[in-house]
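# Architecture and fold: a report
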Amino acid sequence: MAPVKFNSNGSTSISPQENGFVESLSVSNSEKAVQELVQQPLVQGIDEHLIEFSEAMRTVAKALRQAAEGKASALAEAAEWKRKYELERERNQNLEHKVLSSGEHNGDFNERAENLADQPVLSSEAGEESEWCCGKNGICSHEVLRDGEPESSSVTFKSKFKRKASFKLSWCCKGEKSDQHKHDIVSFERGNITTAERSSKQISLKWESPPQTVLIMTKPNSTSVQILCAEMVRWLNEKRKLNIFVEPRVKLELLNESSYYNFVETWQDDEEILHLHTKIDLIVTLGGDGTVLWAASMFKGPVPPVVPFSLGSLGFMTPFYSEHYKECLNSVLRGPISITLRHRLQCHVIREAAKNEYETEGPILVLNEVTIDRGISSFLTNLECYCDNSFVTCVQGDGLILSTTSGSTAYSLAAGGSMVHPQVPGILFTPICPHSLSFRPLIMPEHVTIRIQVPFNSRGHAWASFDGKDRKQLAPGDALVCSMAPWPVPTACQSDSTSDFLRSIHDGLHWNLRKVQSNDGPHDP
């Protein structure tokens, strides 16, 4: 019913209002006018309109109730996964805190105690400062090779070697002398934000004490590699007076050749492997990229510097040639050398039945990539992807690759990902045959945590593999959490990081190789 408006002469008229209600009445309205208003007949058909309106309101209320129930269910599921994610992140932070505290209070204290026992006490402040820290512009060896085990030194395996060689990492500039390495990466001087030019910076390793122990790891089932390994072990022992560690398999091969190699050391069980980084100063690999991956997988925490020799079919991380191994090792042992810090991914598997952080599987460290695929299933894999607390996308296809920049020339490249310089910190997000033409690869920053979850409505299971090994099944409700590991793999460079990378893609992939266009065709006037 339309509201009634009273004119100055006392008569009434019907005038529509926007809100459907009478906003005000004139002061001059009389009681008689009010009674006439009450006694005015209703508009025809108002009952039918009220019935239709009430039915429409019931329909809207039902739809809103269903939407609220669906939203509540989704929020409950999201809260559960957020709880599991927060538990996992808290666990990682606690582990890092334990690693830092144990490395500083146990490893550094014991090492300095041994140094003080073997050397005279330095009274000057400069000597004490050089013993504890290498300066503001460098990274000390105890900061890079920090012990990741909280156990005391009494559980380490017995060895006749007293201490490791210490080294210093610093920025160095190629070409003309410059003080560029003294600047911070980001400067906020006088309110102006500036970034230092990092394109010419390389990381240099300088030994502060000579290396004493070398670990040699070889590619199996190769006669040429066995011959080279025996020759290298003899030369390092006789000419360089170094202590040699090899794998148990390699030691048996050497002893079968001659009893001369009785001096070679090895390990007996997994407990000794966990503490191997406390005794090894340098790692030498004889093989291809697979041998470098195998060497890195043995060190669940800090990794000593690696000198990779190319004896495989294809190598992007092996810049040294075995024919000149004596000159190369002499240069590395003398120092300083350029190195590439190859970042690794730290992966945890969280099962759907996990109730607390202690039921989390892992961690698993990978140098190339972690792959989540559909396995033998004929269905498309269905993966929900999250970056920190943000939803990224739902992968529908053959799978997904999370790769390091060192692994950008491996499986990720074959799946359509970009080649990235290994010194660029980041995580490559590459789909495998996605069922969407607009699904392009991404490169995430190195500080994020990526969670890949198999939804409950997935038609099949997913499978995760880590550097092509340790395959694990992911059932609906399971999740895989990946972040950048705090322990990179330092590999020696033949010249510098950039030159080695460009040489590897030119020689290994024949990148952009084509015949030069002839000059006998038409020319611009």
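Counting starts from 1 at the beginning of each chain's written sequence and moves along it residue by residue. Residue-level local features of this predicted model are given only where pLDDT is at least 70; pairs of side-chain atoms are given and counted only at 80 or more, and the full residue set underlies all totals for whole chains, interfaces and linings. Only hydrogens and water are set aside when side-chain values are computed; all heavy atoms of the structure are taken into account.

### Considerations on the packing of helix H5 (residues 223-238) against helix H6 (residues 248-257)
Under the convention used in this document: Axes here mean lines fitted to C-alpha atoms, for a helix over just the part in contact, with angles spanning 0 to 180 degrees between N-to-C directions. Per the convention used, a helix needs a DSSP run of H or I reaching at least four residues, while a strand needs a run of E reaching at least two, with both numbered from the N terminus. Under this scheme an angle from 65 to 115 degrees is roughly perpendicular, one under 35 degrees roughly parallel, and one over 145 degrees roughly antiparallel; angles in between are oblique. It only takes one pair of heavy atoms within 4.5 Å for two residues to be counted as in contact. Charged means Asp, Glu, Lys or Arg here, nonpolar means Ala, Val, Leu, Ile, Met, Phe, Trp, Tyr, Cys or Pro, and polar covers whatever is left, Gly included.
Closest axis-to-axis distance for the H5/H6 pair is 11 Å, and the angle between their directions is 80°. Of the possible angle classes, the one that applies to H5 and H6 is roughly perpendicular. In this structure, H5 contributes Gln226, Cys229, Ala230 and Val233 to the contact, and H6 contributes Val250, Glu253, Leu254 and Glu257. A per-class count over the contact of H5 with H6 returns five nonpolar, one polar and two charged.

### Details of H5
Operational definition: Multiplying one less than the number of residues by 1.5 Å gives the expected span of a helix. Any residue under 20% of the maximum accessible area for its type is buried, any over 50% is exposed, and the rest in between are partly exposed; the area is computed with a 1.4 Å probe on protein chains only.
Its 16 residues give H5 an end-to-end C-alpha distance of 23 Å, which sits within 8% of 22 Å, the value for a rise of 1.5 Å per residue. Those residues of H5 that sit buried are Val225, Leu228, Cys229, Ala230, Met232, Val233, Trp235 and Leu236. The elements touched by buried residues of H5 are strand E8 (213-218), strand E9 (243-246), H6, strand E10 (282-287), strand E11 (306-310) and helix H9 (325-334).

### Re the packing of H5 against H9
Rules: The hand of a helix crossing depends on one turn: near helix anticlockwise from the far one by less than a right angle means left-handed, and clockwise means right-handed.
Between H5 and H9, whose axes approach to 12 Å, the crossing angle comes to 45°. Relative to H9, H5 is oriented oblique. Crossing of H5 over H9 shows right-handed handedness. Residues Leu228, Glu231, Met232, Trp235 and Leu236 of H5 pack against Tyr325, Lys326, Leu329 and Asn330 of H9.

### A short note on the packing of aromatic side chains
So the rule is basically this: Each Phe, Tyr or Trp ring (for Trp, its six-membered ring) is paired with any other whose centre lies within 6.5 Å, and the angle between the two planes then decides the class: stacked below 30 degrees, edge-to-face above 60, tilted in between. The rule for a charge over a ring is simple: NZ of Lys or CZ of Arg within 6 Å of the ring centre, and within 35 degrees of the ring normal.
Counted according to the given criterion, the structure contains seven aromatic pairs. Each ring, one from tryptophan 235 and one from tyrosine 325, has its centre 5.9 Å from the other, and the planes form 90°; the classification is edge-to-face. Of this pair, tryptophan 235 sits in helix H5 while tyrosine 325 sits in helix H9, and the two are 90 residues apart along the sequence. The class of tryptophan 235 is buried, set by a relative accessible area of 11%. Tyrosine 325 sits in the buried class, given a relative accessible area of 4%. With a centroid separation of 5.2 Å and 80° between ring planes, the pair formed by tyrosine 260 and tyrosine 261 is classed as edge-to-face. Accessibility expressed as a relative area gives 29% for tyrosine 260, which makes it partly exposed. Here a set of aromatic residues connected by ring pairs shows up, and it is made of Tyr260, Tyr261 and Phe263. Over the ring of tyrosine 260 we find arginine 234, and its NZ or CZ is 4.1 Å from the ring centre.

### Side note on the nonpolar core
Our working rule: By nonpolar core is meant a set of buried Ala, Val, Leu, Ile, Met, Phe, Trp, Tyr and Cys residues that side-chain atoms within 4.5 Å join together.
Within the largest apolar cluster, 38 residues are counted, with the highest numbers of intra-cluster contacts made by Ile216 and Phe309. Of all the elements, H5 adds the most residues to this core, at eight residues. Setting aside anything within four residues of it in sequence, one finds phenylalanine 309 in contact with Met232, Val284, Thr285, Leu286, Gly287, Thr318, Phe320, Tyr321, Ser322, Tyr325, Cys328 and Leu329. Ranked by size, the runner-up nonpolar core spans 28 residues in total, among them Cys387, Phe429, Ile452 and Ala462.

### Some details on the pattern of salt bridges
Put simply, the test is: Only one rule defines a salt bridge in this text: a Lys or Arg side-chain nitrogen within 4 Å of an Asp or Glu carboxyl oxygen.
The full count for this structure, using the stated rule, is seven salt bridges. Among the salt bridges present, the one from arginine 234 reaches glutamate 238, with a minimum N-O distance of 3.8 Å. Taken as a pair, arginine 234 and glutamate 238 lie in helix H5 at a separation of four residues, close to a single helical turn. Here aspartate 478 ties to arginine 351 by a salt bridge, and the two come within 2.9 Å at their closest N and O atoms.

Without other data, these values stay purely geometric and don't point to any function.
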